[in-house]
Amino acid sequence: MINLIKKLIFLGFLTLLALPVWAFSSSSFLISQSAFKNFDYSKSLDSFNSNEFKFSNENLLDKIIAAIITEDLTLANKIASKIILDDPQNQEAYTVKLIYLHKNNKTKQIKDIQNRTKDKNELIDFIFFNDDEIKDSTTISKSLIDIVVSSFSNTDTNTLNYNFLLFYTSLAKIIDNQNDRATLIKGELFQNIKEDKQAKDIFETIKPDSQYYLEAQRSLAVNYSNFYPYDEAVTK
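All figures in this text were calculated on a predicted structure; none of them were measured in a lab. (Residues numbered from 1 in each chain as written. Predicted model: local features only at pLDDT ≥ 70, side-chain atom pairs only at ≥ 80, totals over all residues. Heavy atoms only, no water.)

### Let's talk about the overall build of the protein chain
- For the protein chain, the count of helices and strands is 14 helices and 2 strands.
- A burial count over the protein chain gives 49% of its 236 residues as buried.
- Residue pairs in contact within the protein chain that sit at least 24 positions apart in sequence constitute 58% of those at least 6 positions apart.
- Counting every atom, the protein chain has about 12300 Å² of accessible surface; 49% of that belongs to carbon and sulfur. (Helix = DSSP H or I, 4+ residues; strand = E, 2+ residues; numbered from the N terminus. Buried < 20%, exposed > 50% of the residue type's maximum accessible area, 1.4 Å probe, protein only. Contact = heavy atoms within 4.5 Å. Areas by Shrake-Rupley, 256 points an atom, 1.4 Å probe, with all protein chains shown as cover.)

In structure tokens, the structure reads:
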């Protein structure tokens, strides 16, 4: 399975790293592009109108990533539907679509997609299906985190694509909001890219009865030392 995950990670990196440099002159677009590159995913969606898809599929990809990282599954699903119309093989769009359908108990539509994509996309098969059976939400969430953890463990930290890692971690959190491991990892990813405020907010959602609470508190201790002046951090 590890070899499969490594191959899928490599393919994912090729997809996400191959995004073109856009040459549009619109100030709002340039602001959005800059925000995305600086991991400000909410701001990158500020001027985006989900009812007016004026971007190519390649340019919509950053929007679907941002929507998932901000955990706006409804918006991400609308973008996914548009992408799939023009590109029926788009891996990220199908992953989002299947998460949306699973959350809304649309078993028949999931089966329809499975019949169209079976043996054509190993990542989709790995995340959502066990032979012909649809995995439950907990298992899907675990599969998504397996991909992220394997990527983090087997890739040089200097070449990690944090958009990719946050995208799949957020999907794991969306499909199973009880997966505190996904929550912890999402916070640590934001902390790694120096987004301390977002990391702090995420760590603080992990409750004392969670098995990941102590790890979250340790991460918060590091976070506070970065986010607050020393005297204030010591009292946290």
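### Quick notes on the environment of Arg 116
- Following the sequence through the fold, Arg 116 ends up in helix H7 (residues 107-117).
- Taking the C-alpha atoms as reference points, Arg 116 and Pro 88, 28 residues apart in sequence, are found 9.7 Å from one another.

### Observations concerning helix H6 (residues 91-103)
- Helix length check: H6 (13 residues) gives 18 Å between terminal C-alpha atoms against 18 Å at 1.5 Å per residue, within 8%.
- Taking burial as the measure, the 13 residues of H6 include 11 buried ones, the bulk of the element.
- Considered for burial, the residues of H6 that qualify are Gln 91, Glu 92, Ala 93, Tyr 94, Thr 95, Val 96, Lys 97, Leu 98, Ile 99, Leu 101 and His 102.
- Following H6 by one or two positions, Asn 105 adopts a phi angle in the positive range, close to 55°. (Expected span 1.5 Å × (residues − 1).)

### Description of the confidence of the model for the protein chain
- The predicted model of the protein chain averages 82 in pLDDT, with 75% of residues at 70 or higher.
- Counting interchain partners and residues more than four positions distant, the pLDDT-below-50 stretch residues 13-25 has 25 contacts. (pLDDT = per-residue confidence, 0-100.)

### Some points on the side chain of Gln 191
- Within the element layout of this structure, Gln 191 appears in helix H11 (residues 180-192).
- Setting aside residues up to four positions removed in sequence, Gln 191 forms contacts with Asp 196, Ala 199, Phe 203, Ser 219, Val 222 and Asn 223.

### Side note on the pattern of salt bridges
- Following the criterion strictly, the structure yields 8 salt bridges and no others.
- Across the pair Asp 146 and Lys 142 runs a salt bridge whose closest N-O atoms are separated by 3.3 Å. Taken together, the residues span about one helical turn, with Asp 146 and Lys 142 both in helix H9 (residues 137-154) at a distance of 4 residues.
- One salt bridge connects Lys 200 with Asp 201, and the closest N-O pair in it is separated by 3.5 Å.
- For Lys 200, a relative accessible area of 7% puts it in the buried group.
- On the basis of relative accessibility, which here comes to 33%, the residue Asp 201 falls in the partly exposed class.
- Salt bridges sharing partners connect three or more residues here, namely Lys 197, Lys 200, Asp 201 and Glu 204. (Salt bridge = Lys/Arg side-chain N within 4 Å of Asp/Glu carboxyl O.)

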